[in-house]
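As a plain string of letters, each chain reads:
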Amino acid sequence: MTSSASSDASAAAMAATPSPSVRQVSLSTPFTDQKPGTSGLRKSSRQFEQPHYLESFVEAVFRVLPGVAGGTLILGGDGRYGNRRAIGVIARMAAAHGVARLITTTGGILSTPAASHLIRKHQAIAGIILSASHNPGGPEGDFGVKVNGANGGPAPESITDAIFAATTALDGYRIVDAETPSLDVPGVHALGDLRIEVIDGVDDYVTLLQGLFDFGAIGALLRGDFPIAFDAMHAVTGPYASRLLEGLLGAPAGTVRNGTPLEDFGGGHPDPNLTYAHELAELLLDGDAYRFGAACDGDGDRNMILGHRCFVNPSDSLAVLTANATLAPGYASGLAGVARSMPTSAAVDVVARDLNLPCYETPTGWKFFGNLLDAGRITLCGEESFGTGSDHIREKDGLWAVLFWLQILATRRCSVAEVMADHWSRFGRHYYSRHDYEAIASDRAHGLYDRLKGLLPSLVGTSFAGRSIATADDFSYTDPVDGSLTSGQGLRLLLDDGSRVVVRLSGTGTQGATLRLYLESYVAAGGNLDQDPQQALADLITAADQLAEIRSRTGMERPTVIT
Ligand code: VG1
Ligand code: CO
């Protein structure tokens, strides 16, 4: 119970509400397209508005997850179009499935990392997060449902596969007919035997971060001559960032830009990269007013870090956090180990070797870090796609990364560019870039991918961009904790000088297919550490295009997004 005042309110509400009756709705034809991707089920808002579409997926979730009857469920979302309606539907279905306690948030606003924390704090059986993450929102945009398990992390594939199988065989779903409570203010309500608690979605998360970082030191930095800009992109992190940066840490009003969550993210694409967060990028990379800049995505789990005239590649960010981890009070005693997704550059591997830490390489998607975190094998982990996190929760965490960087800057009293230069001079530099070709016709993308996959066995030992191909394979991963095998996770060309080229098809897009080309080349300390990554990687880019026939097969002259 959150407070005695709210439990009194609860008793009154429960006494007053007649038990609503459970309705069984039958489905004549099950949906066949509800297979979750890299991170939840993502479809256009229009698809989600089809009658019974959301209900079908949620019914499958409730049938598959253990402990639903009598359990606690966390529910909220990133505020996009459809968020409040979905909360109402899921609350009524939770009541019909015997959930005992549903914790949701004012306005239905709950970031993915904050949801992960609430699941763990309340020992919930699961969390449902309504978000299509960095995809645009609104009636013409995308909607999504992420399902997290009792450890606070994205459900593993064994569960998402079972949910998908359940949707394809569904004959109907259960829901109660009742008004759902208002989300406008905190309070406790009853829906039959279901207790619904509406809490502030920001409080617990802020308290969690206060235990990890030195707010005194960071506050002193931000109240001094160190102007920063944070772009919430009209998505979920606005209220969190305002409380943290402007409230607790004393940064000037206006530090948080686009801080009001909007149903369509103000028409923007809430993806914190140089293309979609270009206003922030221009402030930092072309102007002189700010020393530090950061942005988060739709649901608050991604982060982009910028310094004055300096972009921090996310793979490098993970390496820098690892090398400087003990500067943060929450990590002062050191790290158990680290992990990165396969396409993420090996910058963190070099730091791990230096610190004598175990380092794991997992498939793309946060769900693969869960077992390593739960087993205490790793403390920090990250992905090249602007995701970094730690064992404080079981999701990547955008504002956590922002505070971690501010902690490093507050302690070391130097610029972001100096942190990077110092890092590379010690560990060498992994030049890295990801080229995305978005919304390609599906058959073309699969044709390209399948052809390259077929070529792999014949490539070993051949020359490529002046190097030789040492390994050419389709990445597969055996989880060291539970022994589960995941295959088909991306095509890799490992070159004899340590350079890599990786090709994957995205599992989060909703239009056609997105091809991702990842390029990486290492220059040891003492070498040329000051090149433009696109220049440093130019020969790999050309060779990859020639081998995979990307331009000719996609009909695209250049990538949609270059990171
Ligand atoms: C992308 C990223 C991946 C990330 C996933 C979910 O997946 O590449 O690293 O875990 O999005 O992020 P894909 O399959 O499109 O490459 V989030 O912030 O959308 O939950
Ligand atoms: Co996200």
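Model, not experiment: these values are computed from the prediction.

Caption draft 1: Layout of empty space enclosed by the protein. Applying the stated rule across the entire model yields 7 cavities of 30 Å³ or more. Within this model, the largest cavity holds a volume of roughly 240 Å³. Around the largest cavity sit 25 residues that line it, and T38, R302, E383, S385 and T508 are the ones nearest its centre. Of the residues contributing to the lining of the largest cavity, the split by class is 3 nonpolar, 10 polar and 12 charged. In this model, the second largest cavity occupies a volume close to 120 Å³. In this structure, the second largest cavity is lined by 15 residues; those nearest its centre are S39, G40, V147, P154 and A155. The set of elements that each furnish at least two residues to the lining of the second largest cavity consists of β6 (142–148) and α6 (157–168). Residues belonging to the lining of the second largest cavity are distributed by class as follows: 6 nonpolar, 6 polar and 3 charged.

Caption draft 2: Representation of the environment of T379 within the structure. Position of T379 relative to the elements: it lies in the loop between α13 (370–374) and β17 (380–383). Each C-alpha atom of the pair T379 and S487 lies 25 Å from the other, and the pair is 108 residues apart in sequence. T379 has contacts with Y331, L335, A336, G337, L373, G389, S390 and D391, leaving out every residue within four places of it along the chain. At 2.8 Å, the side chain of T379 and the backbone nitrogen of A336 are in polar contact.

Caption draft 3: How the structure looks around the sheet that holds strand β12 (residues 292–296). The 5 strands lie next to each other as β11-β10-β12-β13-β14, forming an open sheet whose pairing is mixed. Two strands in the sheet have a free side with no partner beyond their single neighbour: β11 (256–257) and β14 (310–312). Pairing of strand β13 (residues 303–307) with β14 involves 3 bridges; the strand directions are antiparallel. Within β14, the residue paired with I305 across the bridge is V312. Running at roughly 165° to β12, helix α14 (residues 398–412) makes contact with β10 (228–231), β12, β13 and β14 of the sheet.

Thresholds, definitions, all that
- Residues numbered from 1 in each chain as written.
- Chains lettered and ligands numbered in written order.
- Predicted model: local features only at pLDDT ≥ 70, side-chain atom pairs only at ≥ 80, totals over all residues.
- Heavy atoms only, no water.
- 1 Å grid on protein atoms, 1.4 Å probe; cavity = no way out; pocket = protein on both sides within 12 Å on 5 of 7 lines; lining within 4 Å.
- Points joined across faces, edges and corners; volume = space filled by probe spheres on them.
- Nonpolar A, V, L, I, M, F, W, Y, C, P; charged D, E, K, R; others polar.
- Helix = DSSP H or I, 4+ residues; strand = E, 2+ residues; numbered from the N terminus.
- Contact = heavy atoms within 4.5 Å.
- Polar contact = N/O pair within 3.5 Å; in protein donor to acceptor, adjacent residues only side chain to side chain.
- Pairing = 2+ DSSP bridges.
- Axes fitted to C-alpha atoms, helices over the stretch in contact; angles between N-to-C directions.

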